Amino acid sequence: MPRRQAALDDYASAVPQIILSSTDSDFLDHLTPVLKDATNSRRTPALIQCLTRYCDDREADIERIGLTKHEEFLDSVSKLQLVREDTVTLTFEILELNQSIQASTEQLAEQKGALVNTKAIRQNIADAADALRESLKVLHAVNHAHDLVRQKNYYSALKSLEDLQNEHLVPILQNRYATQHRLADAIQKSIPGSQKAISEAVMADLSTWLFRVRETSQFLGEVAFYHTEMRRSRQRQRVEEDQFLANFKLNSSIELVCDESQEFDVLDNEELQVNFTPLLEAMHIHDALGQTDRFRSDYAATRRQQKDLLLPGSIDLLTDDEASLSSLLEGIAGFAIIERETMRRLPHLRSGADVEELWESMCSAAINLTARALNDVSNAEVLLKIKGFIALFVQTMEGWGYSVSTLDTFLLTLFDKYAELLKHRFSDDFQEIVSTDDYMPMAINSREEYEKVINVSWFIQGQPVDDVTFPCVLPFSQMYPLCCIDVRNFLNQFYFFSDDHFQHAEVIDETLRKSLDELLTEKVCQSLVERLSSQYLGQIVQILINLEHFEIACQELEQLLIRARSSSSAGGPLKLHATEEFRNNKKTAEKRIFELVNSKIDDLVDTSEYDWMAANVTPEPSNYMQTLTRYLSNIMNSTLLGLPREIKELIYFDALSHAANKILALPLSPEVKHVNSNGVAALAQDVQYLTEFVSSLENGQMLRENLDELQQTINLMESDNHEEFFDISIRNKKYGRVDALNGPILLEK
């Protein structure tokens, strides 16, 4: 009841304001809220009641005014009648308006409900849009990471995944009520797979890089060898300008300082560039993934496999193709250089022990392959070429800090093989020279030929070359200068092995001495001695002369070897056994000459035909004696002419002594029973002829001493007083050289 009264009071105050509005717009402005309130609160009857009451009050006022002012009242009634009509009309309009307002209000309520629903939907859409926007950021970060992988920017991709976790996923996952929680959880679970994909992609690129590196290794080694060869050339040029630098080998500190102006990077030059970026990136990626140990292990296993693929099953030392030693060493060098550079750039990836292990393994394999292939090599020049490859390989890798002791030891084995082949080849050469020589003094037709022979031979010239007239004859035969040439070549071939790099020069010195000794002793001296069995005196004499010159050559060789031997070899004198062999066999040759000369003398004396009981005295010397003296004169002036004077005198002395003994043995022969004076006279005549011949010779006085016994024996046989021989004092004075046993035999005959 109070609430209704309040409502009526409300309309009672509102109705006058509505009625008394001055304008239609004010009327509507006051009427519309009241109608809305009445319609919403269902108090329309109250409003009508208020309006009716207001109307009754105005009628009462009008009746009161009409009673007092009739005319005015009537006018007012008329006006009121009009107003009433208008009021009724207005009432109908109000009712219609009320109905319209009520219908609009319901529609408005529906629209307001729809608006509320629309705002909720819009809020949901906005929330969904925000969630989608945040999800798109996450997805964009994921796609960006995958795009970086496709662009091979692996570390940036890995960093992008890490930023995705830290900036997006972790905050979302920490908020359990976040709308993107499921998406973030799914992406978070996919990150290990993405990281694995990045790792696999990096390893795929690394495998490609490793394959390219393996394919490039041989060319890299070839470039490194070329660079070392250029350093050799520059070092040789510096040595030519300053001999002091010859004391410093390649890779020594002095050589490196002198060559530091010639910068050259074998890994980055005009012909070759080795990019370590894939390896560095792979190491960086696996380090970021915490897989460093695994990566190091996988990389080491891969490099070991590549090392095995690098080494062939066999090599051919006689070819220059891909199966040759040079190709193998170039491949090993390139592989080892990559390893050393990898260790320098990534010390945590490749340890020194790993690299050295691979290096020693490759060196051992190369040595074993070469050692097996050496069985097919029979040419010393091929071995020298092989040594050159190995020396170049050693000097190159020594510059990269690798140990080359194994290779140095193998070079000793290679040198032993080289020395054997050289000795065998020169042995055949010496054998052929000795066997094909004409054993005649060497004829020289021109000064050029003379100078060539003198330059290659160890020969003491008796006169200056300007004083020599051509053609001329040298005392030795053609074999001597040919052997001298071979000896010099043999020396040079040996010392060729020590060029560039060989750490065992003392081995060369000792092996050279032994080999040279064996060749000169067995192939020259012994071959000459074997030919002393010849019956040709001129050949024996020439052999003796050759032996004389070979002895001189050996003495010169001893001095040459002393000067040429390395500083690491033992000091002191150096002796060749060949020197003593040539000297001793000169005596053998002299004896052989004695044998031949004496044999000829025996043959001539055996042709004597003495008639020991001749009836008459022979007017001329015997034919054999004339032939004998002519023979002795001929060999002295021709065959023995080239011998040293002391040897010639010795041969002559021995020949005359032998001839005297042989002639003396003629009357002492058991077949001779008696000798008469005519027989003695014939013998005395021949002895006198021989004595005169000897006297005419140079040093004849000395040589005549060989005939004293023969001469005194002839005098004894011609003496009429044979008793003087048995008187000691007279015999010693007149027949002191006569044999005490032969004298009585001859006297008895």
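Residues numbered from 1 in each chain as written. Predicted model: local features only at pLDDT ≥ 70, side-chain atom pairs only at ≥ 80, totals over all residues. Heavy atoms only, no water.

Colleague: An account of the overall build of the protein is needed here, citing residue identities and associated values.
Modeller: The secondary structure content of the protein amounts to 26 helices and two strands. Here the protein holds 749 residues, and the buried ones make up 42% of them. Long-range pairs, those at least 24 residues apart, make up 74% of the contacts in the protein between residues at least 6 apart in sequence. (Helix = DSSP H or I, 4+ residues; strand = E, 2+ residues; numbered from the N terminus. Buried < 20%, exposed > 50% of the residue type's maximum accessible area, 1.4 Å probe, protein only. Contact = heavy atoms within 4.5 Å.)

Colleague: An account of the packing of aromatic side chains is requested, with residue identities and associated values reported.
Modeller: For any pair of aromatic rings, the description rests on two quantities: the centre-to-centre distance and the angle between the ring planes. The final tally for this structure, using the stated rule, is 15 aromatic pairs. Taking 5.2 Å as the distance between ring centres and 10° as the angle between the ring planes, the aromatic pair formed by phenylalanine 550 and phenylalanine 582 counts as stacked. Linking phenylalanine 550 in helix H17 (residues 537-564) with phenylalanine 582 in helix H18 (residues 577-606), this pair joins segments that are 32 residues apart in sequence. Accessibility expressed as a relative area gives 3% for phenylalanine 550, which makes it buried. Note that arginine 488 overlies the ring of tryptophan 458, its terminal NZ or CZ placed 4.2 Å from the centroid. Taking the ring centre of tyrosine 631 as reference, the NZ or CZ of lysine 600 above it sits at 6.0 Å. (Phe/Tyr/Trp six-rings, centres within 6.5 Å; stacked < 30°, edge-to-face > 60°. Lys NZ or Arg CZ within 6 Å of the ring centre and 35° of its normal.)

Colleague: Residues and numbers for helix H14 (residues 447-456), please.
Modeller: Residues Tyr450, Val453 and Ile454 constitute the buried set of H14. Burial along H14 is one-sided: seen end-on, the buried residues are contained in an arc of 95°. Exposed residues lying more than 90 degrees from the buried face of H14 are Glu448, Lys452 and Asn455. (Arc of directions from axis to C-beta.)

Colleague: Describe a nonpolar patch on the surface, listing the residues and the values that go with them.
Modeller: A cluster of nonpolar side chains, Ile48, Val88, Phe92 and Leu95, forms an exposed patch at the surface whose accessible area comes to about 330 Å². Tracing the backbone through its elements, the reader meets phenylalanine 92 in helix H4 (residues 70-150). (Patch = residues over 30% accessible without salt bridge, like charges linked within 9 Å, V, L, I, M, F, W, Y side chains within 5 Å. Areas by Shrake-Rupley, 256 points an atom, 1.4 Å probe, with all protein chains shown as cover. Salt bridge = Lys/Arg side-chain N within 4 Å of Asp/Glu carboxyl O.)

Colleague: Lay out the nonpolar core in plain terms, naming residues and giving numbers.
Modeller: Residues Trp359, Ile386, Ile593 and Leu632 are the most contacted members of the largest nonpolar core, which totals 166 residues. Top contributing element to this core by residue count: helix H13 (residues 405-436), with 13 residues. Every residue in contact with isoleucine 593, bar those within four places of it in the chain, is listed here: Leu537, Ile540, Val541, Leu544, Leu640, Leu643 and Ile651. Listed in part, the nine residues of the second largest apolar core include Ile18, Leu31, Leu47 and Tyr54. (Core = buried A, V, L, I, M, F, W, Y, C linked by side-chain atoms within 4.5 Å.)

Colleague: Go over unusual backbone geometry with me, naming the residues and quoting the values.
Modeller: Among all residues except glycine, the phi angle is most often negative; among peptide bonds, the trans geometry is most common. Here phenylalanine 470 and proline 471 are connected by a cis peptide whose omega angle stands at 0°. Following the sequence through the fold, proline 471 ends up in the loop between H14 and strand E2 (472-474). Within the chain, tyrosine 439 stands out as a residue other than glycine whose phi angle is a positive 50°. Here tyrosine 439 lies in the loop between H13 and strand E1 (442-444).

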